[in-house]
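Reading the structure
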Amino acid sequence: MSYLLKTRSDPTLTHQKPASPDEQQLKINEVREILGDLTTEMAAFLSDGTIRRFLRGRNWSTVQAAKALQEAVKWRRQYKPEKIRWEDIAERENEVKRAYIPDYLDMNGRNVMVILPSLKSLTSSKEHTKLLVYNLEHLAMSSEDAQEENVVLVVNFRGWTLANTPLAETRESLHIIQKYYPGLVAVAILSNPPKIFESFWKLINYFIEPKMKEKVKFIYTNNSESKKIMADMFDMDKLESEFGGRNTAGLDIVKYAERMRRADRSRGACTHPNINTPSS
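Since we're looking at a predicted model, the values are computed, not measured.

Right, let's talk about the nonpolar core for a bit. Note that soluble globular proteins tend to have their nonpolar side chains buried in a common cluster. One finds Tyr-181, Ile-189 and Phe-234 to be the most contacted residues of the largest nonpolar core, which totals 76 residues. If you tally residues by element for this core, the top one is helix H4 (residues 62-79), at 8 residues. When residues no more than four places from it in sequence are discounted, the contact partners of Ile-189 are Val-152, Leu-153, Val-154, Val-155, Lys-217, Ile-219, Met-230, Met-233 and Phe-234.

A separate point is empty space enclosed by the protein. Tallying each qualifying case throughout the model produces 3 cavities of 30 Å³ or more. Taken together, 29 residues line the largest cavity, and the ones lying closest to its centre are Ile-115, Val-155, Thr-170, Ser-173 and Ile-177. Going through the elements one at a time, strand S2 (111-115), helix H6 (125-142), strand S3 (151-156), helix H7 (167-180), strand S4 (185-191) and helix H8 (197-204) are the ones with two or more residues in the lining of the largest cavity. Here the lining of the largest cavity is built from residues that sort into 20 nonpolar, 6 polar and 3 charged. By volume, the second largest cavity amounts to about 100 Å³.

Inspection of the entire model under this criterion finds 14 aromatic pairs. Ring geometry for Phe-157 and Phe-197: centres 4.6 Å apart, planes at 45 degrees, overall tilted. With a gap of 40 residues between them, Phe-157 in the loop between S3 and H7 and Phe-197 in helix H8 connect regions that are remote in the sequence. Taking relative accessible area as the criterion, Phe-157 reaches 7% and is therefore assigned buried. Residue Phe-197 is classed as buried on the basis of its relative accessible area of 1%. Aromatic rings pair up to connect Phe-157, Trp-160, Phe-197, Phe-200, Trp-201 and Phe-218 into one cluster.

Moving on: the confidence of the model for the chain. Mean pLDDT over the chain: 90, with 90% of residues reaching 70 or higher. With pLDDT under 50 throughout, residues 1-13 is counted as low confidence; its partners more than four residues away or in other chains account for 29 contacts. Segment residues 275-280 is flagged for pLDDT under 50; beyond a separation of four residues in sequence, or across chains, it makes 14 contacts in the model.

Quick look at the pattern of salt bridges now. Throughout the structure, instances matching the rule amount to 16 salt bridges. Between Glu-209 and Arg-58 there is a salt bridge; the shortest N-O distance is 3.9 Å. Taken as a pair, Glu-209 in the loop between H8 and helix H9 (210-213) and Arg-58 in the loop between helix H3 (48-57) and H4 lie far apart in primary sequence, 151 residues in all. For the residue pair Glu-209 and Arg-58, the accessibility class agrees, reading buried in each case. The closest approach of N and O atoms between Glu-87 and Arg-261, which form a salt bridge, is 2.8 Å. Taken together, the residues Glu-87 in the loop between H4 and helix H5 (92-95) and Arg-261 in helix H11 (residues 253-266) connect sequence positions 174 residues apart.

Cut-offs used in this document
Residues numbered from 1 in each chain as written. Predicted model: local features only at pLDDT ≥ 70, side-chain atom pairs only at ≥ 80, totals over all residues. Heavy atoms only, no water. Core = buried A, V, L, I, M, F, W, Y, C linked by side-chain atoms within 4.5 Å. Buried < 20%, exposed > 50% of the residue type's maximum accessible area, 1.4 Å probe, protein only. Helix = DSSP H or I, 4+ residues; strand = E, 2+ residues; numbered from the N terminus. Contact = heavy atoms within 4.5 Å. 1 Å grid on protein atoms, 1.4 Å probe; cavity = no way out; pocket = protein on both sides within 12 Å on 5 of 7 lines; lining within 4 Å. Points joined across faces, edges and corners; volume = space filled by probe spheres on them. Nonpolar A, V, L, I, M, F, W, Y, C, P; charged D, E, K, R; others polar. Phe/Tyr/Trp six-rings, centres within 6.5 Å; stacked < 30°, edge-to-face > 60°. pLDDT = per-residue confidence, 0-100. Salt bridge = Lys/Arg side-chain N within 4 Å of Asp/Glu carboxyl O.

Below, the structure written as structure tokens:
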């Protein structure tokens, strides 16, 4: 699978980022004009930071960004992601070990999200989606003022089988990340995929947007090139051993719970209990 080490790129992609903050603000204002009354109705969501992120995700096209935001608003009205709290995560003591936000940043100061799909889950695909959205909400809040994509996804596929992440669930996750949280992910590192992953990758390739494909890196912890990539991106004393780092401590669930509850309060989720989150 050495071919997977190569970073995907699409020469047809164009990036038309405005040269100055003032030009970016003009784009943001144009999107606000297109959205009209939505900016008042969904003021908390439709911040300048969110609009900038959607513009990034749509190559700074105001029309495409506005359309994507309208679709996101429709989804948020139904799913209510801003109301999901730590207490709403089912079997959280086990499940958050499969997908969590560590307390370190990468070498470029970007947030990190660790995903370990091979760990046994005690819940359903619906609950997996809820946990994903919960994490994405926190990452979006942390990236509110970021001028560039600000999240590094790190996924460990060692020991992975199709039963760990069924195709339908993977498609749903990709849909949510790409459609409702565009402009957030800077890099997606897929670590140690087994041989069986090749066929799965060919299938899900159809559902990955060209711009997202550019961000994918396949990493093998016993490969010298991969080791250099990870050492350049992370403090190896903090990076989990699953990815070639020297951190073997594992997730402290008590401290993690405290941190996520504080973050819930910061984004106002604790004031809006989300008892029945609808499916996406």
